[in-house]
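Observations on the three-dimensional arrangement
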Amino acid sequence: MAYESKHDKNQMSQEMPHGAPANPRWSWKIKLLIVLAILLIAGSGGVGGVVWYFSRDLPSIEALREYQPSLVTKIYGDDQQLVGQFYIERRVLVPLKQMPPDLLHAIIAVEDSRFYEHTGVDPLGILRALLANIENLRLQQGASTITQQLARSLFLSSEKSLKRKIKEALLARQIERVLEKDEILELYLNQIYFGHGAYGVQSAARTYFGKNVEDLNLAEVAYLAGAPRAPSEYSPYNNPERAKQRQGVVLRRMMDEGFITEEQFRDVYRRDLFFQKIEKEKEFAPYFLENIRQYLSAAYGENMVYKGGLSVYTTLNLTMQKAATLALKEGLREVDKRQGYRGPIAHKNPKELAGDMETGVGIMGMAVVKEGDVIDGVVTAVDEKGATVVAAGRTGRIPPEGMAWAKKRLKGPDLLKDVELKSDAGPRDILQPGDVIKVKLRRLDARSRTAVFSLDQDPVVEGALIALDPRTGAIKAMVGGYDFKRSEFNRALSARRQPGSAFKPIIYATAIERGFTPATIMVDSPIVYVDEEQQKVWRPENYESKFYGPIALREALAHSRNLATVKLLDRVGIKNVAEFAKRVGIKSALTPDLSMALGSSSVTLIELTAAFGVFANEGVRVEPMAVLSIADSAGQVLEEHEPVADEATAKETAYVITNMMEDVIQRGTGWRAKTLNRPLAGKTGTTNDFTDAWFVGFAPNLAAGVWVGFDDVRSLGDREAGASASLPIWINFMRAAFEVVPEMTFPIPENIVFAKIDPQTGLLAAEGFEKAAIEIFVKGTEPTKVSRPQPKPAEFFRIDASGG
């Protein structure tokens, strides 16, 4: 942002008067000044009493040497990048020696030219200000020294009263007795407010110019020195002309005090002054930061968090975090579109619509947008070829294909019953002139300011994503919901939801630990469980409502067969599975019945993701962690954390279940993830009526979990399973994460053996058996018997009872 200097010498003189010509009509004011001076001298005898009266309740300044202004607590990611801040006043302390001399000269010249001469209060300054105010018949100049301003900022309110001014002067005198002049100046420059949330010169330098204070030039320090007098009035963003004029005031005062020459004054003032664009701080990890804030507040208190200037070093990876946020937002939008169009946000009447069409600005004004942004727009016209929309100051079109998804219309909250599909609906059936809608910017022509949009809407559905390094427990990314501003509830950490089939690997891993193998045969057939006490009957079914007969555990897990899993749990034992789940990190209470096989027990996303991380980490559980170390404002380390690891299961068990879960991706319900071309394992999960959709998976060095659902527990819509709702989000995140995560393979433990088996029986394959398959076993569990050729299954046919 540049502001050109358009002020000539005369204009500058008008803004910055350099004395006034003699004029007889001012003589009465001079007389008044003399009278006031006499009264001041006459009243000096009462000074002692005034000092005693107002000194009674002054705050103590004994600890001023140890005083620390309110500082910013900074949160850093795993690569030392700043990812967030907590503060009441955004301030970074810098020593006086780091500040450029021009800045010190500018502040002294404009605020307190006799700073190094007075003892806290400047009588000459008071008289000078009094004369100026009388001459202008209004309060134009203040007489507070830098020390007085510091006293006011540290100890007093901004109330304008004689009482406060007297206390301010008394405190200033005390400060001068406690601190050296340079200490006062350093404290002052780190304390005062410069506008736009910037406290202290370093924060101001970063805010206005994007520089450190030591890198500022004369033009920049001249602006900064003038800002504290009235930060809002002299804001270059709100009042650019006033900001430029104020810079001129400071430069002239510097010239008057001999800090710069007249040539420097003119040269610098004529230059354009460039300011950094003020942008709202972007929080890429609001859920993660809130989790850190809660931890810090519990450990150190709110005051230390917001004023103590802590440096908190965390495990967060900014690249992965950005990828996680984008993947979840885009994925939830896609799920939401499949559920149907809920209609416009609002509707404008013809008069309002005419105004938008006339100005071409629309309801967002000239906003800065980029391709892919979702913004508000208003429909101005609709025909069979699409709709005309004004959004962010640009006129664009939505072609029919850009709104085709909205042919499915929602008439109520029930995504199974309240759906109306009109396959032949055209643009006029979907949109009307005056509709206020969400649009995604697909293509932008910068010259003509025209755009191509597609119809969009903010999703109601929620979701969460968490990623961690299974080797260290370090949380690398955390997204607890679609929008932190909409809901601060962290679904990645706190939402307990049924995982459905995503819980099955815990059961299968327990079985492997207890001597079962991937080749163990279970019968996937109908079964009925009767609870005589509660008089309930339970008939579990497979997702496809089919039965698959004899099936190996590997196949049953890869294709998520419910009946085989229920029978496996019955054989392994509910207590044994619950105990194993606890060892791998499942802390939530588990339902002690066979419905556990279908994931009926609610768990958190971080629990299940960390539990799968045990498999990735060769059976070793590492407690998830977010904080690596914390230091105070002086750099003293307050706490450090190392991974806390325990062996949860044997590495052989971990490898076998991992290998089985690799098949989920290679040829099972997670097949879409094959596109990543990495060694990966994982499991989909879907609950009854499609209320929860999960996918949790891992590489050797990264585990990630995704959950999608409604907070009020209702259907996501027909066939919205883990493979369709959550897996695409997981894939998009992992694809981006693999840009910074190197490829690794799952190590094979020594006690793993390979055998050629008959998949139908789980026994060793006979010599020359064409359908033999290579299977893995924990040493000692491999089959020893050879499979005999199985007879061809009997073919059943129906005989009419009549015999005909």
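Above this text sits the structure in question.
I will try to describe carefully the structure that is included in this document. Every residue gets a number counted from 1 within its own chain, in the order that chain's sequence is written. Local features in this predicted model are restricted to residues of pLDDT 70 or higher, and side-chain atom pairs are both shown and tallied only at a pLDDT of 80 or more, whereas totals for entire chains, interfaces and linings draw on every residue. Neither water nor hydrogens contribute to the side-chain values; these are computed over all heavy atoms in the structure.

By definition, any uninterrupted DSSP run of H or I lasting at least four residues is a helix, any uninterrupted run of E lasting at least two residues is a strand, and each is numbered from the N terminus. When helices and strands are counted, the chain shows 24 helices and 31 strands. Only protein chains enter the accessibility calculation, which uses a 1.4 Å probe; a residue is then buried when its area is under 20% of its type maximum, exposed when over 50%, and partly exposed in between. Residue burial in the chain is summarised as follows: out of 804 residues, 51% are buried. Contact definition: two residues touch when any of their heavy atoms are within 4.5 Å. Across the chain, every contact between residues at least 6 apart in sequence was considered, and the portion connecting residues at least 24 apart equals 69%. Residue exposure ignores everything except the shown protein chains as possible cover, and the areas themselves are Shrake-Rupley values with a 1.4 Å probe. Only carbon and sulfur atoms are counted for the fraction: they give 52% of the accessible area of the chain, which is about 39300 Å².

What follows covers the sheet that holds strand E25 (residues 637-640). Within a sheet, neighbouring strands are paired by backbone hydrogen bonds and run either parallel or antiparallel to one another. Across the sheet, five strands lie side by side as E3-E2-E8-E24-E25; this open sheet has mixed pairing. In this open sheet, the two strands that pair with only one neighbour each are strand E3 (82-86) and E25. If you compare each strand with its neighbour and ignore which way they point, the axes differ by 15° on average. Should DSSP find at least two bridges between two strands, the strands are regarded as paired. Here the axes come from fitting lines to C-alpha atoms, over the contacting stretch only for helices, and the angles between their N-to-C directions go from 0 to 180 degrees.

What follows covers the environment of Lys-370. Secondary-structure assignment places Lys-370 in the loop between helix H16 (350-359) and strand E10 (374-383). A relative accessible area of 54% means that Lys-370 is categorised as exposed. Residues Lys-370 and Arg-443 lie 73 residues apart in sequence; the distance between their C-alpha atoms is 8.7 Å.

Turning to the packing of helix H18 (residues 504-513) against helix H22 (residues 605-616), a few remarks are in order. Where H18 meets H22, the closest approach of the two axes is 11 Å, and the angle between their N-to-C directions is 40°. Crossing hand, H18 versus H22: left-handed. Here Pro-505, Ile-506 and Ala-509 of H18 come into contact with H22, specifically with Ala-611, Phe-612 and Phe-615. A per-class count over the contact of H18 with H22 returns six nonpolar, no polar and no charged. Note on convention: the crossing is left-handed when the near helix lies turned anticlockwise from the far helix by less than a right angle, right-handed when the turn is clockwise. Residues were grouped as follows: Ala, Val, Leu, Ile, Met, Phe, Trp, Tyr, Cys and Pro as nonpolar; Asp, Glu, Lys and Arg as charged; and all remaining residues, including Gly, as polar.

Salt bridge, as used here: a side-chain nitrogen of Lys or Arg that lies within 4 Å of a carboxyl oxygen of Asp or Glu. Counted by the stated rule, this structure contains 42 salt bridges. The residue Arg-486 makes a salt bridge to Glu-462 at a minimum N-O spacing of 2.9 Å. A residue pair is termed long-range when its members are at least 10 positions apart, and Arg-486 in the loop between strand E18 (475-479) and H18 and Glu-462 in strand E17 (residues 462-468) qualify at 24 residues. For Arg-486, a relative accessible area of 38% gives the class partly exposed. When salt bridges that share partners are traced, they join Arg-333, Glu-334, Lys-337, Asp-376, Lys-438, Asp-456 and Asp-458 into one network.

Val-577, Phe-580 and Ala-581 are the residues of helix H21 (residues 574-583) that are buried. Down the axis, H21 shows its buried residues gathered within 100° of arc, on one side only. Seen from the open side of H21, the exposed residues pointing more than 90 degrees away from its buried face are Lys-575 and Lys-582. Next to the buried residues of H21 lie H18, helix H20 (562-572) and H22. The first or second residue beyond H21 is Gly-585, which carries a positive phi of 115°. Directions from the helix axis toward the C-beta atoms define the arc.

Attention now goes to the pairing of strand E12 (residues 394-398). Taking every second residue as pointing to the same face, the buried face of E12 carries Arg-394, Gly-396 and Ile-398, while none of Thr-395 and Arg-397 on the other face is buried. Direction of pairing for strand E11 (residues 386-391) relative to E12: antiparallel, over a ladder of five bridges. Bridge pairing in E12 links Ala-391 to Arg-394. Turn length for the E11-E12 hairpin, with the two strands adjacent in sequence and antiparallel, is two residues, and the turn residue Ala-392 shows positive phi of about 55°. Note: E12 against strand E16 (residues 450-456), three bridges, orientation parallel. Bridge assignment links Gly-396 to a residue of E16, and that residue is Ala-451.

Following the sequence through the fold, Thr-314 ends up in strand E8 (residues 311-314). Using a relative accessible area of 0% as the deciding quantity, one classes Thr-314 as buried. Here a polar contact means two N or O atoms within 3.5 Å. Within protein one must be a hydrogen donor candidate and the other an acceptor candidate, and residues neighboring in sequence count only if both atoms are side-chain atoms. Here Tyr-76 takes part through its backbone oxygen, which lies 2.7 Å from a polar atom of the side chain of Thr-314. With near-sequence residues (within four places) excluded, Thr-314 lies in contact with Ile-75, Tyr-76, Gly-77, Asp-78, Phe-288, Ile-292, Ala-626, Val-627 and Leu-628.

Turning our eyes to something else, we now look at unusual backbone geometry. The phi angle at Gln-80 is positive, at roughly 70°, despite the residue not being glycine. Here Gln-80 is to be found in the loop between strand E2 (73-76) and E3. Even without glycine at this site, Asp-689 takes up a positive phi of about 60°. Along the polypeptide, Asp-689 turns up in the loop between strand E27 (681-686) and strand E28 (692-699).

Another point: the packing of H18 against H20. Look at H18 against H20: their axes get within 10 Å of each other, and the N-to-C directions meet at 45°. Classified by the angle between their axes, H18 and H20 sit oblique to one another. Considering only the axes of H18 and H20, their crossing is left-handed. Every residue of H20 that contacts H18 at Lys-504, Ile-507, Tyr-508, Thr-510 and Ala-511 is listed here: Asn-562, Thr-565, Leu-568, Leu-569 and Val-572. Note on terminology: angles under 35 degrees are roughly parallel, angles over 145 are roughly antiparallel, angles of 65 to 115 are roughly perpendicular, and the others are oblique.

Turning to its location among the elements, Ile-752 is positioned in strand E30 (residues 752-757). Overall, Ile-752 belongs to the buried group, its relative accessible area being 7%. Sequence-wise, Ile-752 and Tyr-655 are 97 residues apart; in three dimensions their C-alpha atoms are separated by 8.5 Å. Apart from the residues lying within four places of it in its own chain, the contact partners of Ile-752 are Glu-652, Tyr-655, Val-656, Ile-776, Phe-777 and Val-778.

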